[in-house]
Amino acid sequence: MNANDVSAATTASNTAVPSADRDAATAQAPRYADVLAAAARIAPHAHVTAVMRSHALDAIAGCELHFKCENLQRVGAFKFRGACNAIFSLSDEEAARGIVTQSSGNHGAAVALAARLRGTTATVVAPRSTPKVKLAAIAGYGARIVPCDTLQASRDAVTAQVLADTGGVLVHPFNDARVIAGQGTAALELLASAPGLDALLAPVSGGGLMSGTCLAAHGIDPDIELFGAEPEGARDAHDSLHSGTRITGRSADTVCDGLRAELGTLTYPILREHLRDILLVDDAAVIAAMRLVWERMKLVIEPSAAVPLAAVLAHRERFAGRRVGLVLSGGNVDLDALPALFGRVGRPG
């Protein structure tokens, strides 16, 4: 898919950003060079996570899988990369104002930790539907939590009010060039560890991880095929790319609590330019794939992280015999909910 002209109109995804911060953070889309700069900036703070293999899962999928284990990243998710890059790129004066963000969990924890490392404060606007384990992590890293409803419009309205009240600096979870560049560092490491991959998949929500992955992967290898993976119950990104119009305002219905946002004004055109497609999977397939990773690889991942594997298993013919990279985006799952979660599907594989 190639990018056509994309509307520059202000939309719900950035209404919460004061003009000065919006100009600084999102006036220009990030490039491959920004991903390289982010890698150097976050190197003292972020883990270089493992790239793991599983011959059992290769046999099930019919291809050679390389798993980038961002569930082993600090705060248990790739989100630390983008938050760390954004917060450590601020001037001392900006950082002293405190950080404000909105998050369904992992980005909030990442901002809270990065802010603490930078020596400043963080306020996180979080939907009331956020899992307790993720809220506990945000609070544990020292951030103040302000609740909101699940819809993007509510997140933006509450975030705007917090920014007005505190004078803080917004670090948006995906519609921020600094965050996108930071997220792309995971793909840099994956392709350094497993060069020559034929395809690479990552989950899609607001598009920050997938956008950064696109910039990094095509910066290294223009021929690699890039795919997003998305739950059927939160398919706005898929429908946006196929319709040629960024879709907003939908209510997501999926077990993947980390994939309920909508594409931003920065991420949408990047994905349109770089992605081969966004592959859809239902929640049953996601849970089955999550269980496979738990059982065969002994890795703790959350449902959102299992979506790329579920997509490969649902589209075996597309990836048959190929070398495929998958980003396991995070591992923050409510252990008390596991019996009910795994009980929703039969035993996989």
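The model shown is predicted, which means the values in this text are computed figures rather than measured ones. (Residues numbered from 1 in each chain as written. Predicted model: local features only at pLDDT ≥ 70, side-chain atom pairs only at ≥ 80, totals over all residues. Heavy atoms only, no water.)

A few words on the domain arrangement of the protein chain. When the parts of a complex come together, some accessible area is lost, and that lost area is often taken as the interface size. The domains assigned to the protein chain are domain 1 (32–77 + 176–344) and domain 2 (80–170). The centre of domain 1, based on its C-alpha atoms, is set 22 Å off from the matching centre of domain 2. Between domain 1 and domain 2, the contact holds 33 residues from the first and 24 residues from the second. When the two sides are added together, the surface that domain 1 and domain 2 hide from each other amounts to roughly 2,300 Å², 56% of it contributed by carbon and sulfur. Here domain 1 and domain 2 share four salt bridges between them. (Domains from an automatic or database assignment. Contact = heavy atoms within 4.5 Å. Buried area = accessible area lost by both parts, 1.4 Å probe. Salt bridge = Lys/Arg side-chain N within 4 Å of Asp/Glu carboxyl O.)

Counting residues in hydrophobic clusters, the biggest one holds 41 residues, and the most contacted among them are Leu-65, Phe-67, Leu-201, Met-290, Leu-309, Val-312 and Phe-319. Beyond its immediate stretch of four places on either side in the chain, Val-312 contacts Ala-61, Cys-63, Leu-65, Leu-201, Phe-319, Val-324 and Leu-326. In this structure, Leu-188, Leu-197, Leu-209 and Ala-217 belong to the second largest nonpolar core, which totals 33 residues. (Core = buried A, V, L, I, M, F, W, Y, C linked by side-chain atoms within 4.5 Å. Buried < 20%, exposed > 50% of the residue type's maximum accessible area, 1.4 Å probe, protein only.)

The strand order across the open sheet formed by four strands is S5-S4-S3-S6, and the pairing between neighbours is parallel. This sheet does not close on itself; its edge strands, each paired only once, are strand S5 (144–148) and strand S6 (169–170). Bridge count between strand S4 (residues 122–127) and S5: five bridges; the pairing is parallel. Paired with Pro-127 across the strands is Cys-148, a residue of S5. (Pairing = 2+ DSSP bridges. Helix = DSSP H or I, 4+ residues; strand = E, 2+ residues; numbered from the N terminus.)

UniProt records the feature "domain: Tryptophan synthase beta chain-like PALP" (unreviewed entry) at residues 44–330, using the numbering of this structure. Strand forms 17% of residues 44–330 and helix 47%; the C-alpha atoms that close the span are 21 Å apart. (UniProt positions renumbered as here; feature names shortened; annotations may be inferred.)

Turning next to the packing of aromatic side chains. Tallied over the full model, the rule gives two aromatic pairs. On the basis of an interplanar angle of 75° and a centroid distance of 5.2 Å, the ring pair of Phe-227 and Phe-319 is categorised as edge-to-face. Of this pair, Phe-227 sits in strand S8 (residues 225–231) while Phe-319 sits in helix H16 (residues 316–319); the two residues are 92 residues apart in sequence, bridging distant segments of the chain. Judged by relative accessible area, Phe-227 falls into the buried class, the value being 0%. For the ring pair Trp-294 and Phe-342, a centre distance of 5.8 Å and an interplane angle of 80° mean the geometry is edge-to-face. With Trp-294 in helix H14 (residues 283–297) and Phe-342 in helix H17 (residues 338–342), the pair connects residues that are 48 residues apart, well separated along the chain. Across the pair, Phe-342 and Trp-294 agree in class, each one buried. The side chain of Arg-291 reaches across the aromatic face of Phe-342, ending 5.6 Å from its centre. (Phe/Tyr/Trp six-rings, centres within 6.5 Å; stacked < 30°, edge-to-face > 60°. Lys NZ or Arg CZ within 6 Å of the ring centre and 35° of its normal.)

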